[in-house]
Structure formats: C-alpha cells, structure tokens
Amino acid sequence: MGRLFGTDGVRGIANEDLTVELALQIGRAAAMVLLEESSSNKPTVLIGKDTRASGDMLEAALTAGLTSVGCNVLSVGVVPTPAVAYLVGKYGCEAGVMISASHNPCEYNGIKIFQKSGYKLDDEIEEEIEDIILNNSQDIPVKTGGDVGNRAFCKTAVNDYIDHVVSTAAVRFDGLSIALDCANGSASVCAKEIFARLGARCLMLFDTPDGVNINDGCGSTHPQELMKFVKDAGLDLGLAFDGDADRMLAVDENGELVDGDRIIAICSMMMKNEDRLKKNTAVVTVMSNMGFFKFCKENDINCAKTAVGDRYVLERMLKNGYNIGGEQSGHIIFLDYATTGDGELSGVQLIGAVVKSGKRLSQLAKIMTVYPQVLINVVVTPQGKQKYNNDEYIISAVQEAEMELSGNGRVLVRVSGTEPLVRVMLEGEDIDQITRLGNSIADVVRQRLS
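The structure reproduced in this document is the subject of the present report. On a predicted model such as this, the values are computed, not experimentally measured, just so you know. (Residues numbered from 1 in each chain as written. Predicted model: local features only at pLDDT ≥ 70, side-chain atom pairs only at ≥ 80, totals over all residues. Heavy atoms only, no water.)

With respect to the helices, strands and loops of the structure, D391 is situated in the loop between helix 13 (382–387) and helix 14 (392–405). Polar side-chain contacts of D391 include one of 3.1 Å to the backbone nitrogen of I394. (Helix = DSSP H or I, 4+ residues; strand = E, 2+ residues; numbered from the N terminus. Polar contact = N/O pair within 3.5 Å; in protein donor to acceptor, adjacent residues only side chain to side chain.)

What follows concerns unusual backbone geometry. For N184, which is not glycine, the phi torsion reads 50° and is therefore positive. Relative to the helices and strands, N184 resides in the loop between strand 7 (177–181) and helix 6 (191–197). Its relative accessible area of 4% is what places N184 among the buried residues. Its identity as a non-glycine residue notwithstanding, A245 has a phi of 65°, on the positive side. (Buried < 20%, exposed > 50% of the residue type's maximum accessible area, 1.4 Å probe, protein only.)

As for its placement among the helices and strands, E126 is situated in helix 4 (residues 123–135). Given the relative accessible area of 4%, E126 is considered buried. Setting aside its immediate chain neighbours within four residues, E126 contacts R3, F5, L121 and R311. (Contact = heavy atoms within 4.5 Å.)

This paragraph deals with the sheet that holds strand 8 (residues 201–205). On the basis of which strands lie adjacent, the open sheet formed by five strands has the order 8-7-9-10-11 and mixed pairing. Two strands lie at the open edges of the sheet, namely strand 8 and strand 11 (257–258), each paired on one side alone. Where helix 7 (residues 224–233) meets the sheet, it contacts strand 7, strand 8, strand 9 (237–241), strand 10 (248–251) and strand 11, and its direction lies at approximately 165° from that of strand 9. (Pairing = 2+ DSSP bridges. Axes fitted to C-alpha atoms, helices over the stretch in contact; angles between N-to-C directions.)

Across the five residues that make up strand 7, a large majority, five, are buried. Burial along strand 7 is two-sided: S177, A179 and D181 facing one way and I178 and L180 facing the other are all buried. In this view, the connection linking strand 7 to its parallel neighbour strand 8 by way of helix 6 has right-handed handedness. Where strand 7 lies against strand 9, four bridges are found, and the strand directions are parallel. Paired with A179 across the two strands is G238, which belongs to strand 9. (Right-handed = clockwise from strand over helix to strand, strands pointing away.)

Before going further, it helps to examine helix 8 (residues 260–273). Within an α-helix, residues lying three or four positions from one another point in the same direction, as the helix has 3.6 residues per turn. Taking 1.5 Å of rise per residue, 14 residues should cover 20 Å, and helix 8 covers 20 Å from first to last C-alpha, within 8% of that figure. Among the 14 residues that make up helix 8, twelve are buried, leaving the element largely enclosed by the rest of the structure. Considered for burial, the residues of helix 8 that qualify are G260, D261, R262, I263, I264, A265, I266, C267, S268, M269, M270 and M271. Put simply, D259 is the residue that caps the front of helix 8, since its side-chain oxygen is 3.2 Å from the backbone nitrogen of D261. Positive backbone phi, at 60°, marks D275, one or two positions downstream of helix 8. (Expected span 1.5 Å × (residues − 1).)

On to the sheet that holds strand 5 (residues 108–115). The mixed open sheet is built from six strands, whose spatial order is 1-5-4-2-3-6. Lying at the two open borders of the sheet, with one neighbouring strand each, are strand 1 (10–13) and strand 6 (151–153). Averaged over all neighbouring strand pairs, the angle between strand axes comes to 20°, with direction disregarded. The pairing of strand 2 (residues 44–49) with strand 3 (residues 72–78) spans six bridges and is parallel. The residue bridging V45 from the neighbouring strand is V73, located in strand 3. Seen against the sheet, helix 1 (residues 20–37) touches strand 1, strand 2, strand 4 (95–99) and strand 5 and runs at an angle of roughly 5° to strand 5.

The next thing to look at is the environment of N390. Mapped onto the fold, N390 is located in the loop between helix 13 and helix 14. Spatially, the C-alpha atoms of N390 and T144 are 51 Å apart, while their sequence positions differ by 246 residues.

Attention now goes to a negative patch on the surface. On the surface, E36, E37, D122, E124, E127 and E315 cluster together into a patch of negative charge. Put simply, the parts of the chain that give the negative patch at least two residues each are helix 1 and helix 4. On the secondary structure map, E127 appears in helix 4. (Patch = residues over 30% accessible without salt bridge, like charges linked within 9 Å, V, L, I, M, F, W, Y side chains within 5 Å. Areas by Shrake-Rupley, 256 points an atom, 1.4 Å probe, with all protein chains shown as cover. Salt bridge = Lys/Arg side-chain N within 4 Å of Asp/Glu carboxyl O. Lys, Arg positive; Asp, Glu negative; His and termini not counted. Charge placed at Lys NZ, Arg CZ, Asp CG, Glu CD.)

How two aromatic rings sit relative to each other is given by the distance of their centres and the angle of their planes. Within the structure shown, the criterion is met by two aromatic pairs. With a centroid separation of 6.3 Å and 85° between ring planes, the pair formed by F292 and F293 is classed as edge-to-face. An angle of 50° between the planes, with centres 5.7 Å apart, marks the rings of F292 and F295 as tilted. In this pair, F292 and F295 are both assigned in helix 9 (residues 290–298), three residues apart and thus about one turn of the helix distant. The same class applies to F292 as to F295, namely buried. By the ring-pair criterion, three or more aromatic residues cluster together here, those being F292, F293 and F295. Above the face of the F293 ring, K305 is positioned so that its terminal group lies 4.5 Å from the ring centre. (Phe/Tyr/Trp six-rings, centres within 6.5 Å; stacked < 30°, edge-to-face > 60°. Lys NZ or Arg CZ within 6 Å of the ring centre and 35° of its normal.)

Listed below in structure tokens is the structure:
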C-alpha cells in the first residue's frame, strides 16, 4: 500500500478503499500520536462529518479507535469542514477530524485531521501515523477500565459556527435576494441561517440531503441549475457550495459563473482599497487563469504562485504573512478569519464587496478578464500516476503544444493529489486551438498511463 494521506487527507470509496478497519487503525494511530504530544491524560478529539451515508459508519470506527487508546471524542454531527477547524480551538480540543470526501460523489468518503490550532496536520505527523499503520512501527497501547475514552455529543456546534461566520461581515445584506445551492451537503445545516441573519432573502436549492444525493448534479462542481435559477428568478446573485462547504463559486444576476479566481480578485481589490491586503499580495496556484496574473499586474498587486492544493496555498500564506489566497475551484482562505478554506465565509466576504461597491456582481467580475481555458481529466491507473513524470511521449506532446502556442498561452499537465486522474489544462487566446492541443495531449496520456 502507498501513502494513506494525499493532499487533503485520506480518501477513497467507503467500505472498499476506506474501510472500517482502516478508519479504526487511523483512530488508534492518531490517538497514540496525540497522547504523546498532549499534556492531558485524556485529550479530546472533535469529530464532524458531511451528509454521506457512510459517515456514521466511519465515525463509529474512528470513535472506537480513538477511545480504545484513551482519547475522548466530542461528536458535533453534520457540519462544514471549516466548522471543525474553527471549533477545535473554540472548544479547546486536542485535534479535530472531518469525515468527508468534499466535492466527490457519495460513494467516496475521507478522513481529514486538524491540529488544535485549527490547521491541518503537518506532514511529519501524517507520516508518523502512516508509519504506525502501514509498517507497525510502534505498538499501540490499548486502555482498559476507566482509562478508556468517552464519547460526548455537542448540540451547540452549528450555532457557534454560524455566529463566527456572521461576525466576519462588515455590512448587512438587507434588500438582496440570493440563491444558495447547498449541494445536499454540510451547508444544508447552516447556510440559510447565516445569510438570512445578515438580512438577505434566501432561496434554497439542493438542501435536502438523503445520504446519497450529495454533489449529485448540484453544488460548486455542477452549478448549471443554480445559474438558470438565478437568472430566471431575477435574483441578485447565487452561491454554490460543495459537499463539505469549504468551496464556493458564485453566479451573477445574469446567470454567469464567477469562479474562484474572480472571487479572489474582487476580494483582493476590496482589501487593497481598505488597506487590509497584507503585504499587498494574493496567493493562488499554478492552475489560476492567466487573466488573474494580468489583473494583479494591472492593479499593482503582488501574486504568489504555489503548487495545486489548498495546503500549499496556506503554507505560503503562513510563511510570508499573507491573508488571502485560494484556488480557481472556489477553495478560498481568508486567514484573518479562518485557518482553512470556508465556502460560506467566502460568500459573506464576496457579498460584502458587492454591497460596499454599490455595483452588481457582474460589474465587479469585469475586474478580471478570463482567458479561454480547457481542462481535460484523464483517468489513469495507480501505476500510471507514478510513471507520469518520466514518460518521454507525454513530455514530447507537451513541448510540441508549447511551441505551437509560442508564448500566447500555456500548458499545464499534472497528477491529481486526491483522485486517479491526470489533469491536462491549456489556456490561450484561441479556444479552438487549445481544445485541439488539449485533446492531443490527453490522448497521449490515455494511451500511456490508462
């Protein structure tokens, strides 16, 4: 077995890749590591989950593992991922665990662990947990009698998180009519209350989770229904979250999508104008649109570029003291208020920018020109993912495409950190040209790695 932890925790098909046995092992190994570092004899670990049917099963296994080694568990039920990151610190827990596979279909699930600071686990701690599970590097002590951990349930978690997100708003949203697409996921328990409390009239979409409909034709990965609804209903804007509500994409009053790049541009400009943009810098990944880099240059904003993955964005922000960063997918970190990406908090900040400006979202979105972009996801084997970097045929195909673009576009081919995919992305001025080149590279990747 390879590494358990990817760029965003442990993920896989529940009961196939991510089994109850593995969840139990993760709980036991994590408890052992936490006990080594904790001053408490019984540190408390907070556990939250999204709305997937497999969430209860995996939570039970994790709870068994944690308590068997002497950790207490505080179960907060269905909450967004950023709520776990926030509540860990608020409740004084030693760690937090979110059970979710984010934007993936219901058959997938995942385990993401946060430190007591609210930040994701350091690589070194993840590696120690992996070593215990995969290599039996240490004997895990099993507690008995009164030394076994206990499980408690928290009924205030959702309200405490709502209070926190609402507190980040600088203005009210009175008079605005907005649609909220909750992806039948975690946002279903709190999105309406957050935005209604700030004065907005909220029309809800996909907020009736049944365990299997999470991300199914809805949410930030499938915003088409929201786009149509906002336009047909004559609303001011719409927000689409993913399954665990750490991502958000917006829709303007015309039904046009406003992606993460544009949201970061709008909010960065607002923060710069209010002298709140620390070190005059926004952090994005190499997948951000060419238009974002041009926006930064035209508006005298520094742009720090990282590898793909919110953990790399966060690392750069913490290292250099920046306070906004994120991804085109809508995973945006406002470090003044949160330790991880937060879709609902991002929505509050974006609508705040709209209200302050006195403009429509479509007008604000024009701050950045979006260049045509083609993204092709090629399904590959696990072995194929390992071979990608050294395949001379793929390297040659990429070089040929770059030569044809001659500096008027770019090619980025990368392995997904969370899925069995190689992502082929091209940008340029001519959509037909980059589509042709993208399909040509994708065909080579498919032949060589599938």
